[in-house]
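Breakdown of the fold
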Amino acid sequence: MFRTHTCGQLRAKDNGQQVTLAGWVHRRRDHGGLIFIDLRDRWGLTQIVFDPSTSAEMHDAAHALRNEYVIQVTGRVRHRPAGQENPKLDTGDIEVEGQSLTILNEAKTPPFDINKDSTVDEALRLRYRYLDLRRERMQRNLMLRHNVVMHIRNFLANEDFIEVETPILFKTTPEGARDYLVPSRVHPGKFYALPQSPQQLKQLIMIAGYDRYFQIARCFRDEDQRGDRQPEFTQLDLEMSFVDRDDVMDVIERLMISIVENDTDLHMQAKPFPRLSYQEAMDRYGRDNPDIRFGLELADISQIVVNSQFKVFSGTVASGGIVKGINAKGLGHYSRKQIDELTEFVKEFGAKGLAYLVVGQGENGSFAERSSFAKFLSPDEVDGIIAELEGEPGDLLLFVADKPGVANEALGRLRVELGRRLGLIDDNVLAFCWVIDFPFLVWNEEENRWDPSHHLFTAPMDEDIPLLDSEPGQARGKQYDLVLNGNEVAGGSIRIHERKLQEKVFDLIGLELEEARERFGHMLEAFEYGTPPHGGIAPGIDRIVMLLAGEPNIREVIAFPKSQSATDLMAGAPTDVTEQQLKDLHIKLR
Ligand code: ASP
């Protein structure tokens, strides 16, 4: 037997037992002739003591040990001397008196400390990911991830879902990103596409009558690596038949609550999860993924300033734009320089400027103590604005006048920035909410056409189907997003299940029938063989685990992530390939 116990197992009740442990040297301390080793494995740490009076030879061997050596130790468990117990360690009441020691493998000095949670350059961590994964933080994160995934599997199996694997080599399944392509050797000049999601396949599984499907599915999207995106990531992919959106949302809501309650100590802000319409989310928070852990809601003052002498405001409203503001509570003391900084901040999100008004305490109530625009407004207009933003003396009111998209984006971002500055965001709270009633289509300025707001297969609201002919921009879709602390963590929809409507949607977004048949003919054909009404959703596992773990990006919860530039720094992928490989694949490099 290699070992009798793990390094996290021994307790005071094991006193006197003869044991064998194996693991890594976490730390070595020489102390008054004794050598102490913290021996580590996945389960924990156990203190080993080597005493020169037991065996001088073994004591010398212990002296040669360095961090990360892999060793096997046999010895007797004993209570630590009184006062030397370590309550922070599960095994902290005992130690093992080393009687024999085998070095199973030596180790070079690691490029960074494994036994400390020190800050290490991420490129170095990724280059030596197998060492980084030894560190406590990563072990904790991967365990949490495992628990969450196991929880999902058990929960869904209990609710009669079955897990079905779908191919990785497939045909384009568009989710709005670029495909990863795999050249076919057998079919010269032809390519497989890696799935951006199993979307079509899970719908086909519904057509096949399986009713409740899920999969822990890898998805591949060749996107620019902004923020915490990864070229491949994992979704809980799920689809159900004979359901409406409440059924899908109900399963996911219960699953999320169950995960949080069983696998974390975190607190949920509200159960059941609040539901916001897309419009409400945009009006109040400027975003369709609102962080509802704090207030600072946006206010629309367009109607108050529509006739004002301040042309930046009235002109914007006259040309179809809006003027919105936010009350930066208590920040009236901000200097011009600090306000300029906030202005620079909103400019990054497309705003042309940031108008401000500091609320002062006058004899007859609040007034504009300092402002970039109040002198152009009537007293009624100023009062109206202060009232609309619930301004009190000492508040700083900030405004953006622009197209609705720009004003909302800039102020929505500013809101989160202010929430952070004002310390309003509690990191121990999980604020889930649903966003529903999305527009069915979004206008693509660049290409001058409609794009699906979710994806090609999402159904429009029944009552909005006539709008597809008259005012497509007004139609709402049967889409729902789950948002957690300002992050979209799941998106799904009830699907189109009739060929005619599907073809109409293809047509609306400018997919020629020929091209649609070429790309999705199998779906259109399948629709004609008895398709049940169905819908589903796909929570992003990386992102959810990241938020539960309190980590800043998804790379911290993925064992072997790619770097920001989509490379694997450890193995060095992507790499060159041989001439022969290219030849086999009928490829010539330019
Ligand atoms: N396939 C969709 C996505 O990846 C999710 C869904 O509609 O179920 O976002």
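As the structure is a prediction and not an experimental result, all values here were calculated from the model.

The next subject is the overall build of the protein. Helix and strand counts for the protein come out as 17 helices and 24 strands. Dimensions along the principal axes, computed over C-alpha positions, put the protein at roughly 95 × 75 × 50 Å. Per-residue burial over the protein gives 49% buried out of 590 residues. Counted over contacts in the protein with a minimum sequence separation of 6, partners at least 24 positions apart contribute 67%.

Time to look at the site of the ligand. Surrounding the ligand, one finds 14 residues, the nearest of these being E175, Q199, K202, H455 and R495. Here R221 contributes a side-chain N or O atom positioned 2.9 Å from an oxygen atom of the ligand. Note that an oxygen atom of the ligand is positioned 3.0 Å from one of the side-chain N or O atoms of Q235. When the ligand sits alone it has 270 Å² of accessible area, and the protein chains cover 93% of it. Those elements giving two or more residues to the shell around the ligand turn out to be α5 (199-207), β23 (487-494) and β24 (534-539). Here the shell around the ligand gets 3 residues from one element, more than from any other, and that element is β24. Grouping the constituent residues of the shell around the ligand by class yields 2 nonpolar, 8 polar and 4 charged.

Pairing in this open sheet of 8 strands is mixed, and the strands run β6-β9-β10-β24-β23-β22-β19-β12 from one edge to the other. Either end of the sheet is taken by a strand with one partner, and the two such strands are β6 (162-163) and β12 (275-277). Where strand β19 (residues 432-436) and strand β22 (residues 479-484) come together, 5 bridges link them in antiparallel fashion. Paired with C433 across the bridge in β22 is V483. Where helix α6 (residues 245-263) meets the sheet, it contacts β10 (232-241), β12, β19, β22, β23 and β24, and its direction lies at approximately 165° from that of β19.

Of note, the amide linkage connecting K271 to P272 takes the cis form, showing an omega dihedral of -10°. By the secondary structure assignment, P272 is in the loop between β11 (267-268) and β12. Cis geometry is found at the peptide bond from A573 to P574, where omega equals 0°. Here P574 shows up in the loop between α16 (541-549) and α17 (579-584). Although it is not a glycine, N448 sits at a positive phi angle of roughly 60°. If you trace the backbone, N448 turns up in the loop between β20 (441-444) and β21 (449-452).

With that settled, consider the pairing of β22. The element β22 is largely enclosed, with a buried count of 6 among its 6 residues. By the alternation rule, side chains of β22 split into Q479, D481 and V483 and Y480, L482 and L484, which are all buried. Bridging between β22 and β23 involves 6 bridges; their strand directions are antiparallel. Note that in β23 the partner of Q479 across the bridge is S493. Counted along the chain from β22 to the antiparallel partner β23, the turn is 2 residues long, and its residue N485 has a positive phi close to 45°.

The rules we used
Residues numbered from 1 in each chain as written. Predicted model: local features only at pLDDT ≥ 70, side-chain atom pairs only at ≥ 80, totals over all residues. Heavy atoms only, no water. Helix = DSSP H or I, 4+ residues; strand = E, 2+ residues; numbered from the N terminus. Buried < 20%, exposed > 50% of the residue type's maximum accessible area, 1.4 Å probe, protein only. Contact = heavy atoms within 4.5 Å. Near = heavy atom within 4 Å. Polar contact = N/O pair within 3.5 Å; in protein donor to acceptor, adjacent residues only side chain to side chain. Areas by Shrake-Rupley, 256 points an atom, 1.4 Å probe, with all protein chains shown as cover. Nonpolar A, V, L, I, M, F, W, Y, C, P; charged D, E, K, R; others polar. Pairing = 2+ DSSP bridges. Axes fitted to C-alpha atoms, helices over the stretch in contact; angles between N-to-C directions.

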